[in-house]
Structures are given as structure tokens and as C-alpha cells.
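Geometric and topological summary
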Amino acid sequence: MNILLLGSGGREHALAWKLAQSPELSAMWAAPGNPGIADHADCVALDLRDHAAVTAFCHKHAIDLVVIGPEAPLVEGLADSLRRAGFAVFGPSAAAARLEGSKGFTKDLCARAGIPTAAYVRAASQAEGLAALARFQAPFVLKADGLAAGKGVVIAETLAEAEGALGQLFAVRGAEVVIEEFLVGEEASFFALTDGETILPFGSAQDHKRVGDGDTGPNTGGMGAYSPARVLTPELESQVLREIVEPTVRAVAAAGSPYQGVLYAGLMLTAEGPKLIEYNVRFGDPECQVLMTRFAGDLAALLRACAEGRLASAETPRFIEDTAVTVVLAAEGYPGPPRIGGPIDLGDAEAGGAKVFQAGTRREGDALVASGGRVLAVTALGPGVGEAQAAAYRAVEAIRFPDGFCRRDIGAREVARERARGRD
Ligand code: AMP
Ligand code: GLY
């Protein structure tokens, strides 16, 4: 099998590492890739916005499967262009990718299909937004409609703050805003593969979005994660499948564009049951790193079956029982402008069995240097979350990256619960 993997982050390094373990793989290319991905694939410079160029590359190299990592090319319809040219693509069409690309689309779909989510109002103007705020109580949740790389959500503690935020959100031309009820509970992420018909659960995780220890400071793309999310019990997972994921997949298919790829449901586990916070139409980063570390099957075969509409006869995804923890090393300044160019020495970080996935890195001669905000995702397994956490931080200690920093409490909440269970 010839594979083209699109993207350049830690998520794509984890996918490349797992795809490379497939006995069916003949050759793999990645665009644009990164130095970590280059261990498993030939990295090529392709402009993902130039659909004709990506299609021509697939023809030239007889690509059997294209795996699209990030959301932007999906929302821009790259999967549609490649499918029209006859290629098997893991990743949804532009129409189906609106589940991530448009909050208003997703909220309306949930309302029609009776999917549990926060009550909401769509506002097309500042005046509508101000009127809508009166229907909610503090804290107010305001979301920009389009893709915002995690920066489109404002949680305002007071009405004055909410009104100010509304002004800023509508300063963008053509903006639309969703105002919604504030949900109380613990967050967890649930993943499912679907070809539009068959739905296969693909594990769970919890991430740490704030930059600072104890969930302080600004939001980031994710500073660490662990899998599985034990708060999502098998009973809750069945409920999420039945009440949230299945009706979504059916509704998207009924609208004429069956979903093919991974559907990532961001959930709030509320007192009334799990509710959908948001969908992503791709693997999470760094959730993918912990999922791939635990996935025990043939990833290339599974993603190809998904892309070719054959999930009904695919092997059920299996994960090892161990917990995986990943700690993100970011460059000083992140999530603001990061310090670029800092040298990185991975030392013997992988000696104890940990895996260092690379994200914002590049080669300068023989040296590895930082080239982005999130630079490395240091990932380790353990029989419990405490052991996995300790192993991940031991590996972090072995890395010399003077411009880098990480959170020191990835997995802490789960470690505390594990200790409490141990005392029972
Ligand atoms: P999103 O970009 O939609 O994932 O939102 C970012 C974060 O904002 C989520 O991970 C939640 O922590 C928080 N959030 C979003 N919507 C709500 C809500 N309705 N109630 C409470 N927290 C929310
Ligand atoms: N880590 C959150 C995301 O990938 O959206």
C-alpha cells in the first residue's frame, strides 16, 4: 500500500509511526512532514491548498490511501477533490467537515436530531447577540462560528464582559456568533471511526488545554493528554454512541454527504448525562499521540477500510489496557509568539520505552531546533496513570531544550483518582 499523509504536527508524527508498523505498507510520503515524520516517510513540499498539485502527486506515486491530519484542508474540500479523482481518502468532505468548521451548523443539526448539547442562540449581528445574552445567565459562553484554532471561544463571567467580547467577535467582517448555556461537569473526548454507515468506537482521552499548571493561563492547542479517560465508563461510552455519535452520523449521511474519517466528540459529563461541547473532524493533537501509543491493530488497513467504505468487515479496533500519558514541550512564549530556533537534544529520552513525537521542529545541518509553538510530545505507557506519568516525566528530564517548558501536572486529576481508588 502506498500512503500519502498530510500535515506536520505531533499528531501526524504519531500517525506516521503507527502507519509505518503496518505489514501492508509499501511506501509512505508526507507533506509537508517534519524531522520526526521523516524517520518513516519521504517528506515532500506540497501546497495543501493546491488541490491539483496534491492530486497529480497521488497519480504519479500510485497512492492507495491519503490520510489528512489537520482540519483546515478538510474544511477547504481537499478530500472532495481527491475523491473526485478516484483516490481513497481518510477524512471527511467539506460538507461533513462543517461539523467542526461551523458551530451554528452543528448546533442546528443537534437541535433537529435531539442530540444533547448546551442550549444556544445563533446571532448574525451584534444587536441580535445583545438580545440573546438576556436569555442566558453568567458565565456566558460565546463562540465565533468558523475555524478558530481553539481561540474562538470566550467564557465571560459578567454581562459587561460578554458584551465587550461580542463587540470583538463581530469586529470580524461577516462574523456569526453562537451564544450558549454554560455546562458544568468534567470534560472528556471520545473518538469514533466511521465510513458513513458503520461506526467503530476508537478510544477516549482527556487533554489539558490551559498553558499553566492547575489549568491556569490562556488556552492552547493542548499541553498534554492521557488515554483512556476512565471517567467515560463503558456505560457512558454506549450512551454517547447512541445519543450523540450515531444520530450525528445518520443526519450527516441523510444530508447527502456521508462522513468518512474520525469523528472526535468533545463532551461535558454533566449531572444530566454526557452533552456535546463540540465536534472535531480529525484526530486531536496531542490526543492522537496517546491513542496511537495504545492502538494495537493495523492502522493502515483500518484507515483504508474506512476510506473505502468497508468498515463493516474491518477488525474491531483494539487498544492495550495500559494508560498512555503525553507531555507537550512548548517553546517559550507559546501560546503567544514562540521563540524559534532553540536547540533541542533528545538525549536518551526514548531509552526507557518512551516515545518522543515531534511537532514544531526542523533540522539545521545536523542540529534539531524549535520551529513552532508546540515542539515535542513526550509519550509513555504504564499499567496505571501514575506509572505512565512518571515515565513520561523521566523522559522529559532526559531532553535538553533550554527554550522549552511543559506543564508539570499532566494526568494529575486521574492520578489522584487512581490513588483514591487504591485506598478503598
Ligand atoms: P471548544 O473550542 O468549543 O472546544 O471550547 C473550548 C473550551 O471551552 C472547551 O474545551 C470547554 O472547556 C469550554 N467550553 C466550550 N463550550 C462550553 C460550554 N457550553 N460550557 C462550558 N464550557 C465550555
Ligand atoms: N487538543 C485539542 C484538539 O486537537 O482540538
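Scroll up to find the structure.
Positions within a chain are numbered from 1, following the residues in the order the chain's sequence is written. Both sets of labels track the order of writing: A upward for chains, 1 upward for ligands. Note on the predicted model: pLDDT of at least 70 is required for a residue's local features to be given, and 80 or more for side-chain atom pairs to be given and counted; whole-chain, interface and lining totals, by contrast, use all residues. Hydrogen atoms and water are omitted, and side-chain values are computed over all heavy atoms in the structure.

**Observations regarding the overall build of the protein**
- By the criteria applied, helices consist of DSSP H or I runs no shorter than four residues and strands consist of E runs no shorter than two, each listed in order from the N terminus. Looking only at helices and strands, the protein features 13 helices and 23 strands.
- A compact globule built from 424 residues should have a C-alpha radius of gyration of about 22 Å, and the protein, at 21 Å, falls within 12% of that.
- The principal-axis extents of the C-alpha atoms in the protein amount to approximately 60 × 50 × 45 Å.
- Residue burial is assigned from relative accessible area. The probe radius is 1.4 Å, only protein chains are included, and a residue is buried under 20% of its type maximum, exposed over 50%, and partly exposed in between. For the protein, buried positions account for 57% of its 424 residues.
- Contacts were defined at the residue level, with two residues in contact if any of their heavy atoms lie within 4.5 Å. Sequence-distant contacts, at least 24 apart, represent 68% of the contacts inside the protein between residues at least 6 apart.
- Computed with the Shrake-Rupley method and a 1.4 Å probe, the accessible areas treat only the protein chains shown as cover for residues. Accessible surface, the protein as shown: approximately 17000 Å² in total, 51% of it carbon and sulfur.
- His is not counted here, nor are the chain ends, while Lys and Arg score as positive and Asp and Glu score as negative. Where a charge lies is defined by one atom per residue type, namely NZ (Lys), CZ (Arg), CG (Asp) and CD (Glu). When the 40 positive and 53 negative side-chain charges of the protein are each reduced to one mean point, those points stand 1 Å apart. Radius of gyration here uses only the C-alpha atoms, and the compact-globule reference equals 2.2 Å multiplied by the residue count raised to the power 0.38.

**Some words on the pattern of salt bridges**
- Salt bridges, as used here, are contacts in which a Lys or Arg side-chain nitrogen is within 4 Å of a carboxyl oxygen on Asp or Glu. Under the counting rule described, the total for this entry stands at 25 salt bridges.
- One salt-bridge network, held together by shared partners, links Asp64, Arg304, Glu308 and Arg310.

**Quick notes on the sheet that holds strand β6 (residues 120–123)**
- Two strands qualify as a pair provided that DSSP identifies no fewer than 2 bridges between them. On the basis of which strands lie adjacent, the open sheet formed by four strands has the order β6-β9-β7-β8 and antiparallel pairing. The strands lining the two open edges of the sheet, one partner per strand, are β6 and β8 (153–156). Going across the sheet, the axis of each strand differs from the next one's by a mean of 20 degrees, ignoring polarity.
- In the sheet, strand β7 (residues 140–144) pairs with strand β9 (residues 177–180) via four bridges, with the strands oriented antiparallel. By the bridge assignment for β9, Ala144 is matched with Val177.
- Each of β6, β7 and β9 touches helix α6 (residues 103–113); the most contacted strand, β6, lies at about 140 degrees to it. Axes here refer to lines fitted to C-alpha atoms; in helices the fit is confined to the stretch in contact. Angles between the N-to-C directions go from 0 to 180 degrees.

**What about the site of ligand 2?**
- Around ligand 2, the surrounding shell consists of Asp207, Gly221, Tyr264, Asn280, Arg282, Gly284, Asp285, Pro286 and Glu287.
- Whenever a nitrogen or oxygen atom comes within 3.5 Å of another N or O atom, the pair is scored as a polar contact, on the condition that within protein one atom can donate a hydrogen and the other can accept it, and that pairs from neighbouring residues in sequence are kept only if both atoms are in side chains. Interatomic distance of 2.8 Å between a backbone N/O atom of Gly221 and a nitrogen atom of ligand 2.
- A distance of 2.9 Å separates a nitrogen atom of ligand 2 from a polar atom in the side chain of Glu287.
- With the chains in place, 89% of the 200 Å² that ligand 2 exposes on its own is no longer accessible.
- When its residues are assigned to classes, the shell around ligand 2 shows two nonpolar, three polar and four charged. Neighbouring residues are identified by heavy atoms, a residue being near a molecule or strand if any of them is within 4 Å of it. Residue polarity is assigned by list, with Asp, Glu, Lys and Arg as charged and Ala, Val, Leu, Ile, Met, Phe, Trp, Tyr, Cys and Pro as nonpolar; anything else, Gly included, falls into the polar class.

**A look at the packing of helix α1 (residues 10–19) against helix α11 (residues 299–307)**
- α11 packs onto α1 with a crossing angle of 110 degrees between their chain directions and a minimal axis gap of 8 Å. Taken together, the axes of α1 and α11 lie roughly perpendicular to each other. The segment α1 lies against α11, with Leu15, Lys18 and Leu19 engaging Leu299, Ala300 and Leu303. When an angle is under 35 degrees it counts as roughly parallel; over 145 it counts as roughly antiparallel; between 65 and 115 it counts as roughly perpendicular; any other value is oblique.

**Examining the sheet that holds strand β20 (residues 361–364)**
- Pairing is antiparallel in the open sheet, where three strands are placed in the order β18-β21-β20. Looking at which strands have only one partner, the edges of the open sheet turn out to be β18 (343–344) and β20.
- Where β20 and strand β21 (residues 367–370) come together, four bridges link them in antiparallel fashion. By the bridge assignment, Glu364 is partnered in β21 with Ala367.

**Some remarks on the site of ligand 1**
- Taken together, 15 residues sit near ligand 1, with Glu180, Glu181, Leu183, Glu187 and Glu278 positioned nearest.
- Lys103 places a polar side-chain atom, nitrogen or oxygen, 3.3 Å from an oxygen atom of ligand 1.
- Glu278 is positioned such that a nitrogen or oxygen atom in its side chain is 2.7 Å from an oxygen atom of ligand 1.
- Relative to its unbound accessible surface of 470 Å², ligand 1 loses 90% to contact with the protein.
- In terms of residue class, the shell around ligand 1 is made up of eight nonpolar, no polar and seven charged.

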